[in-house]
Number of protein chains: 2
Amino acid sequence: MMFEQLGLIGCGLMGGSFAMALKNAGLVKRVVGYSRSTASSTQALSLGVIDEQAETAEHAAAGSDLVLLAVPVASTESTLRAIQPQVTSDMLIMDVGSTKQDVIQAARRALGASFGAFVPVHPIAGKEVSGVDNADPLLYKGRPVILTPEAETGAAQVQQAKALWTALGCKVARMSAADHDAAFAAVSHLPHLLAFAYMNALVQQSQGDRYLSLAGTGFRDFSRIAASEPSMWRDILIANRDDVLQQSRLFRQALEALEICISAGDGDALKNLISDASRTRAQWTLS
Amino acid sequence: MMFEQLGLIGCGLMGGSFAMALKNAGLVKRVVGYSRSTASSTQALSLGVIDEQAETAEHAAAGSDLVLLAVPVASTESTLRAIQPQVTSDMLIMDVGSTKQDVIQAARRALGASFGAFVPVHPIAGKEVSGVDNADPLLYKGRPVILTPEAETGAAQVQQAKALWTALGCKVARMSAADHDAAFAAVSHLPHLLAFAYMNALVQQSQGDRYLSLAGTGFRDFSRIAASEPSMWRDILIANRDDVLQQSRLFRQALEALEICISAGDGDALKNLISDASRTRAQWTLS
């Protein structure tokens, strides 16, 4: 498997890391990159992450046998509309978005009859910093990558996508988009929402800054994801709002159960609830 | 500064690490250890963390010029009552509990006229694993240590405590107990409570185990503290219940503000709230 040209749309952390990984693996001859911010694609060019800067998303897609969309999920539809004139039925188009049902709807609307060329992909990888300066050819290595193809998705494209991510050292799995979105609302989107809420509650207090200066390693790890990129997380939380709000309801119920024990000073019941949480977390390992 | 004998009450992670650090620094000649569980003190003896096993807390305190209580905060009063017959006015007694107002109340009740020998201490250090097997002489090095002496606390004891923790490489600070408890409810106790609630909400779902298998590095760091020791956290959350519940209320308000934006699909307002959180967290560094 060797691609002639990767059309990279979005030369940030995710896109830049993908291009670097693909080049390092010898899987692509040439990368043409486009970013909405010219500064990003200029920087990607100077770092050798892309070989050529395109002036539009359509130019990046033109003549590419592989197109990667690494843009905020809310920009999926407009980006796919922009490249739609260049889409051919044997092209492989993928995204790297953290939500899948909304991306698939956007792709159906934007691509119409060419929808089969698009494989919805979610690599479970990232950093709380963004931009091509933080791109890393090893970002995806060893990480799970989830494909959520629809009935109309081209079988050849699904096969190619699977082979490509496997060649980058990823563990490729397949799920329905609805299943994917429910699962990631629970294990990713809700933790981000809680971390954002926690930071806001902390600094809105008059003593917030002083409290922050006393925080230790527990705080550091718990709140790390609160530093994530605001536009990206705005898009994800709104795109997957039903699942996110459902998870938040379940969380509030679990929090209330703990609070009731604390209020009542019911140490036995509180210890049981904490033990459940502690046991589950201690047994978990990163896949 | 050199102590003749450390009476170590509680030979677990915190107590064991303290004894090891004190020995490595050449600050103590001999360590006599007691644990409610004989297996713990036997293991501490076999690891060389203590030099002698005491059969009771009182025996560990007898003849010691330094006593460290490293027991769950809820056991402070009974432990101090047990050693009270051995307490002399020139002894230095310290605890390492994560809450201070309740510990001070317990110490007043248990020690009576000898209360001045007791310096309430909170070293901001720990691990999500417990037991003497995980003890580490470097656990406290470089970490902040907060002293919360009362008006009646012996000036000599405060001076000794400050010198001791400084000699172990710690950054010693002084606060009122009320201030301390409010601050740590915000930066430590609430994050633990939220992490416990989050894990419980996750696994109580029918698909919870499957969701867990898909979790990535964001989940890993956010939920790490949920694996903490249940008895210890039961005690802390109940001991500091007013501050903890107050912080939880503020958190719920901040969560609701985010949920309202998500429900309404109000991307601008949502991005503003996330940006506040992200900026604050990105600027924070561990002290």
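Student: What should I look at first to understand the overall build of chain A in this one?
Tutor: Each helix and strand counted, chain A has 12 helices and nine strands in total. Radius of gyration (C-alpha) of chain A: 21 Å, near the 19 Å computed for a compact globule of 287 residues. With the principal axes as the frame, chain A shows a C-alpha extent of 70 × 40 × 30 Å. The 287 residues of chain A split such that 58% are buried. Nonlocal contacts in chain A, meaning residues at least 24 apart in sequence, comprise 76% of its contacts between residues at least 6 apart. For chain A, the centre of its 24 positive side-chain charges and the centre of its 28 negative side-chain charges are spaced 4 Å apart.

Student: Where do I start with helix α1 (residues 13-24) of chain B in this structure?
Tutor: A turn of α-helix holds 3.6 residues, and therefore any two residues three or four places apart point the same way. Residues and elements named next belong to chain B. Between its first and last C-alpha, α1 extends 16 Å over 12 residues, near the 16 Å set by a 1.5 Å rise per residue. Most of α1 is tucked away: nine of the 12 residues are buried. Within α1, burial applies to L13, M14, G15, G16, S17, F18, A19, A21 and L22. Taken together, the buried residues of α1 touch β1 (3-9), β2 (28-34), β4 (66-69), β5 (92-95), β7 (121-123) and α6 (155-167). Just beyond α1, the residue with positive phi is G26, at close to 65°.

Student: Explanation requested: empty space enclosed by the protein in the structure shown.
Tutor: One way to see where empty space is left: roll a probe the size of a water molecule over the atoms. All names here are of chain A. Per the stated rule, a full pass over the model turns up one cavity of 30 Å³ or more. Along its surface, the largest cavity is lined by L69, V71, V73, T76, D95 and G97. Residue composition of the lining of the largest cavity, grouped by class: three nonpolar, two polar and one charged.

Student: How should I be thinking about the sheet that holds β7 of chain B in this particular structure?
Tutor: Hydrogen bonds along the backbone pair up the strands of a sheet, which may run parallel or antiparallel. All names here are of chain B. Pairing within the open sheet is mixed, and its three strands lie in the order β7-β8-β9. Either end of the sheet is taken by a strand with one partner, and the two such strands are β7 and β9 (171-174). When strand polarity is set aside, the average angle formed by the axes of neighbouring strands in this sheet is 20°. Pairing analysis gives four bridges linking strand β8 (residues 144-147) to β9, with the strands arranged parallel. Bridge pairing links V145 to V172 in β9.

Student: Help me understand the relation of the copies chain B and chain A in this model?
Tutor: A rotation about some axis, followed by a shift along it, carries one copy of the chain onto the other. Overlaying chain B on chain A yields an RMSD of 0.0 Å, the required transformation being a rotation through 180° with an accompanying axial translation of 0.0 Å. The transformation just described matches what one would write down for a two-fold rotation axis. Taking C-alpha positions as reference, the residue of chain B nearest the rotation axis is F222 of chain B, located at 2.0 Å. Looking at chain B, 100% of its interface residues are interface residues in chain A too, so the copies touch through the same face.

Student: It is not clear to me how the pairing of β1 of chain B should be interpreted in this structure. Could you clarify?
Tutor: Each regular strand shows side chains that alternate between the opposite faces of the sheet. Residues and elements named next belong to chain B. Of all seven residues in β1, six are buried; the element is thus mostly enclosed. Remark: the β1/α1/β2 crossover connection has right-handed handedness. By the bridge criterion, four bridges tie β1 to β4 in an arrangement that is parallel. The partner of I9 across the bridge, within β4, is L69.

Student: Even after reading the chapter, I still don't get the interface of chain B and chain A, so can you show me in this structure?
Tutor: Think of interface size as the accessible area that goes away when the parts come together; that is how it is often given. The interface is formed by 82 residues belonging to chain B together with 82 residues belonging to chain A. Taken together, both faces of the contact between chain B and chain A bury some 7,600 Å²; the carbon and sulfur share is 68%. A per-residue breakdown of the area chain B buries against chain A is headed by F222, R252 and R281 of chain B, which together make up 9% of the total. Inspection of the region where chain B meets chain A yields six salt bridges. A salt bridge links R224 of chain B to D221 of chain A, with the nearest nitrogen and oxygen atoms 2.6 Å apart.

Student: What is the right way to read the packing of helix α7 (residues 177-203) of chain B against helix α11 (residues 241-264) of chain B from this model?
Tutor: All names here are of chain B. Across the interface, α7 lies against α11 with an axial gap of 9 Å and an inter-helix angle of 65°. By the criterion of interaxial angle, the relationship of α7 to α11 is roughly perpendicular. Of the two elements, α7 crosses α11, and the hand of that crossing is right-handed. From α7, D181, A182, A185, A186, H189, L190, L193 and L194 reach across to α11, where they touch D243, V244, Q247, S248 and F251. Considering only residue class, the contact of α7 with α11 consists of eight nonpolar, three polar and two charged.

Student: Can you help me understand the side chain of D235 of chain B in this one?
Tutor: Position of D235 of chain B relative to the elements: it lies in helix α10 (residues 230-239). Those residues in contact with D235 of chain B, other than ones at most four positions away along the chain, are P72, V73 and A74 of chain B.

Student: Help me understand the sheet that holds strand β3 (residues 52-53) of chain A in this model?
Tutor: Residues and elements named next belong to chain A. Pairing within the open sheet is parallel, and its six strands lie in the order β3-β2-β1-β4-β5-β6. Each edge of the sheet is formed by a strand with only one pairing partner; in this case those strands are β3 and β6 (118-119). Bridge count for strand β2 (residues 28-34) against β3 is two bridges, and the pairing is parallel. What sits directly across from V32, in β3, is E52. Helix α6 (residues 155-167) rests against β1 (3-9), β4 (66-69), β5 (92-95) and β6 of the sheet, and its axis sits at about 60° to β5.

Rules used throughout
Residues numbered from 1 in each chain as written. Chains lettered and ligands numbered in written order. Predicted model: local features only at pLDDT ≥ 70, side-chain atom pairs only at ≥ 80, totals over all residues. Heavy atoms only, no water. Helix = DSSP H or I, 4+ residues; strand = E, 2+ residues; numbered from the N terminus. Rg over C-alpha atoms; globule rule 2.2 N^0.38 Å. Buried < 20%, exposed > 50% of the residue type's maximum accessible area, 1.4 Å probe, protein only. Contact = heavy atoms within 4.5 Å. Lys, Arg positive; Asp, Glu negative; His and termini not counted. Charge placed at Lys NZ, Arg CZ, Asp CG, Glu CD. Expected span 1.5 Å × (residues − 1). 1 Å grid on protein atoms, 1.4 Å probe; cavity = no way out; pocket = protein on both sides within 12 Å on 5 of 7 lines; lining within 4 Å. Points joined across faces, edges and corners; volume = space filled by probe spheres on them. Nonpolar A, V, L, I, M, F, W, Y, C, P; charged D, E, K, R; others polar. Pairing = 2+ DSSP bridges. Axes fitted to C-alpha atoms, helices over the stretch in contact; angles between N-to-C directions. Least-squares fit on C-alpha atoms with pLDDT ≥ 70 in both. Right-handed = clockwise from strand over helix to strand, strands pointing away. Buried area = accessible area lost by both parts, 1.4 Å probe. Salt bridge = Lys/Arg side-chain N within 4 Å of Asp/Glu carboxyl O. Parallel < 35°, antiparallel > 145°, perpendicular 65-115°, else oblique. Left-handed = near helix turned anticlockwise from the far one by under 90°.

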